Amino acid sequence: MTRPRVIVTRELPDPVMDRMEALFDTKLNRDDAPMDRAALAAAMAEADVLVPAVTDDIDGALIAGAGDRLKLIANFGAGVNHIDLAAARARRIVVTNTPGVLTEDTADLTLALILAVPRRLAEGEKLVRSGGWTGWSPGGMLGHRIGGKALGIVGMGRIGQAVARRAAAFGLAIHYHNRHRLPAPLEAELGARWHPDLDAMLGVIDILTLHTPRNADSEGMIDARRIALLRPHVYLINASRGGIVDEDALTAALEAGRLAGAGLDVWRHEPAIDPRLLALPNVMMTPHMGSATMEGRIASGERVIANIRAWADGLRPPDQVLEGWA
Ligand code: 8YV
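All values derive from a computational prediction rather than experimental measurement.

Can you tell me about the environment of T286, naming the residues and giving the values?
Locating T286 in the fold gives a position in the loop between β12 (283-285) and α13 (294-312). We classify T286 as buried; its relative accessible area is 12%. Taking C-alpha positions, T286 is 7.6 Å from V266, a pair spaced 20 residues apart along the chain. Among the polar contacts made by the side chain of T286, one reaches the side chain of D265 at a distance of 2.7 Å.

Requested: an account of a nonpolar patch on the surface, with residues and values cited.
On the surface, V128, W133 and W136 cluster together to form a nonpolar patch covering roughly 450 Å² of accessible area. Of note, V128 is situated in helix α6 (residues 121-130). The exposed category is assigned to V128, whose relative accessible area is 52%.

Now, about the site of the ligand: what can you tell me, with residues and values included?
In the vicinity of the ligand, the residues found are A53, V54, F76, G77, A78, G79, L102, R241, H288, S291 and R297. Contact distances for the ligand include 2.5 Å between an oxygen atom and a side-chain N or O atom of S291. A class-by-class count of the residues in the shell around the ligand yields five nonpolar, four polar and two charged.

Requested: an account of the pairing of strand β6 (residues 150-154), with residues and values cited.
Burial analysis of β6 places five of its five residues in the buried class, the great majority of the element. Side chains A150, G152 and V154 of β6 all project onto a buried face; the interleaved residues L151 and I153 project onto the opposite face, where all are buried too. Pairing of β6 with strand β7 (residues 173-177), which is carried by five bridges, proceeds in the parallel orientation. Counterpart to L151 in the pairing with β7 is I174. The β-α-β motif built from β6, the intervening helix α7 (residues 158-169) and the parallel element β7 has right-handed crossover chirality. As paired strands, β6 and strand β9 (residues 207-210) are joined by four bridges and run parallel to one another. Across the sheet, residue I153 finds its bridge partner in β9, namely T209.

I'd like to hear about the pairing of strand β1 (residues 5-8), residue by residue, with values.
In β1, alternate side chains face the same way, and those of R5 and I7 on one face and V6 and V8 on the other are all buried. Of the strand pairs in this sheet, β1 and strand β2 (residues 25-27) are connected by three bridges, and their pairing is parallel. Pairing of I7 across the sheet is with K27, part of β2. At this point the chain moves from β1, through helix α1 (residues 14-23), to the parallel β2, and the crossover so formed is right-handed. Bridge count between β1 and strand β3 (residues 49-51): three bridges; the pairing is parallel. Across the sheet, the residue bridging to V8 is V51, located in β3.

Quick one: what's the story with the pattern of salt bridges, residue by residue and with numbers?
The full count for this structure, using the stated rule, is 22 salt bridges. In this structure, E46 and R5 form a salt bridge, with 2.7 Å as the shortest nitrogen-oxygen distance. Residue E46 is found in helix α2 (residues 37-46), and its partner R5 is found in strand β1; the two are separated by 41 residues along the sequence. Taking the relative accessible area as the measure of exposure, E46 reaches 28% and is therefore partly exposed.

For the sheet that holds strand β10 (residues 235-238), give the residues involved together with the corresponding values.
Spatial strand order, β8-β7-β6-β9-β10-β11-β12: seven strands in an open sheet with parallel pairing. Taken across any chain shown, the strands that pair with only one partner, and hence form the sheet edges, are β8 (192-194) and β12. Mean inter-strand twist for the sheet, computed between neighbouring axes without regard to direction, equals 20°. In terms of strand pairing, β10 meets strand β11 (residues 261-264) through four bridges, oriented parallel. Its bridge partner being in β11, L236 is matched across the sheet by A262.

Can you lay out unusual backbone geometry for me, pointing to particular residues and giving the numbers?
Generally, phi is negative for residues other than glycine and the peptide bonds are trans, each holding for most cases. Here E270 and P271 are connected by a cis peptide whose omega angle stands at 0°. Tracing the backbone shows P271 in the loop between β11 and α12 (275-278). Positive phi, normally seen in glycine, also occurs at H288, with a value near 40°. Positionally, H288 belongs in the loop between β12 and α13.

Rules used in this analysis
Think of each chain on its own: its residues are numbered from 1, step by step along the sequence as written. With the structure being a predicted model, the display of local features is reserved for residues of pLDDT at least 70 and the display and counting of side-chain atom pairs for 80 or more, all residues being used for whole-chain, interface and lining totals. Hydrogen atoms and water are omitted, and side-chain values are computed over all heavy atoms in the structure. Strands are runs of DSSP state E lasting at least two residues, helices are runs of H or I lasting at least four, and both sets are numbered from the N terminus onward. Accessible area is worked out with a 1.4 Å probe on protein chains only. A residue is then buried under 20% of its type maximum, exposed over 50%, and partly exposed in between. Pairing of N or O atoms within 3.5 Å defines a polar contact, subject to two protein rules: one partner must be a possible hydrogen donor and the other a possible acceptor, and residues neighboring in sequence count only if both atoms are side-chain atoms. Only residues whose relative accessible area exceeds 30% and that form no salt bridge enter a patch; like-charged residues are grouped when within 9 Å of one another, and nonpolar side chains (Val, Leu, Ile, Met, Phe, Trp, Tyr) when within 5 Å. The method behind every accessible area is Shrake-Rupley, applied with a 1.4 Å probe, and residues are considered shielded solely by the protein chains displayed. Take a side-chain nitrogen of Lys or Arg and a carboxyl oxygen of Asp or Glu: if they are within 4 Å of each other, that pair is a salt bridge. One heavy atom within 4 Å of a molecule or strand makes the whole residue count as near it. The nonpolar class holds Ala, Val, Leu, Ile, Met, Phe, Trp, Tyr, Cys and Pro. Asp, Glu, Lys and Arg form the charged class, and all remaining residues, Gly among them, are polar. Here, any two strands with at least 2 DSSP bridges between them count as paired. Viewed with both strands pointing away, a crossover whose connecting path from the first strand over the helix to the second turns clockwise is right-handed. Angular values range over 0 to 180 degrees, each being the angle between N-to-C directions of two axes fitted as lines to C-alpha atoms, with helices fitted over their stretch in contact.

Structural data, given as structure tokens:
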């Protein structure tokens, strides 16, 4: 196939779109308005390749109704929880993602939250901006020290490891829960302690950060029961997927002072945010911006292009997502 019909659902950086237009029979979404279900269905009826993003819910019914031409869903982004992988496999549609290129940016944002929440950065900024700051005082804006605390990382893949490296430099002791234990040399290099039992880890840490993909195993993983295992001085950080945390249970715990605070970049029903959370001063909130760097977006687009080219050449795309691994 020389020029596959490629439909891109969101506006990507210019260098990515220019290259796509040069290589493929590309239909771009220049005004970046998220496509509704009917628009997605129409795109999936005419495309050889769909390039969706996290805001597109590519569910089983849409995939089942896709045109015979659709052979590749080349996701722009690492997480693929918004794509029904089983339905794609049933239709023999290949799914790819863009792993690796967003790792460092997401880890940076995570560290920013890990530092900002216990030190109350958002509250301090708000105080100054409001004109309500009356001057230094010994008890003003007291937060909690980062160094010497225990960080619990759930999901020790690329991003979890990148967070561990950064956190160690700030003097945090690294604990992690992962299905598989890391190889011993890597574990030693990171100075990380494996907890095969997530519940056991929750009782010994001071800050919890989540870096596991959202899938059937992780959906609602941090629920009311597990939140109750956290000690009241614990901060929860989430820059992975909102659905991993039971947001109602988290809100109730924060409101009741059963948790010290939270740093949240992702939400269960983005972009809607529970007004009860908005009212809590000890929650720092960011708008799903963990990977939002120009460099990362371009690198992500380049991976999409590499995947499409490999597929069009009859090769196995480098980032093919295998069900059960995402
Ligand atoms: C991306 C993300 O911006 O890569 C991911 O899984 O969550 C984001 O950081 C998004 O997926 C782009 O579609």
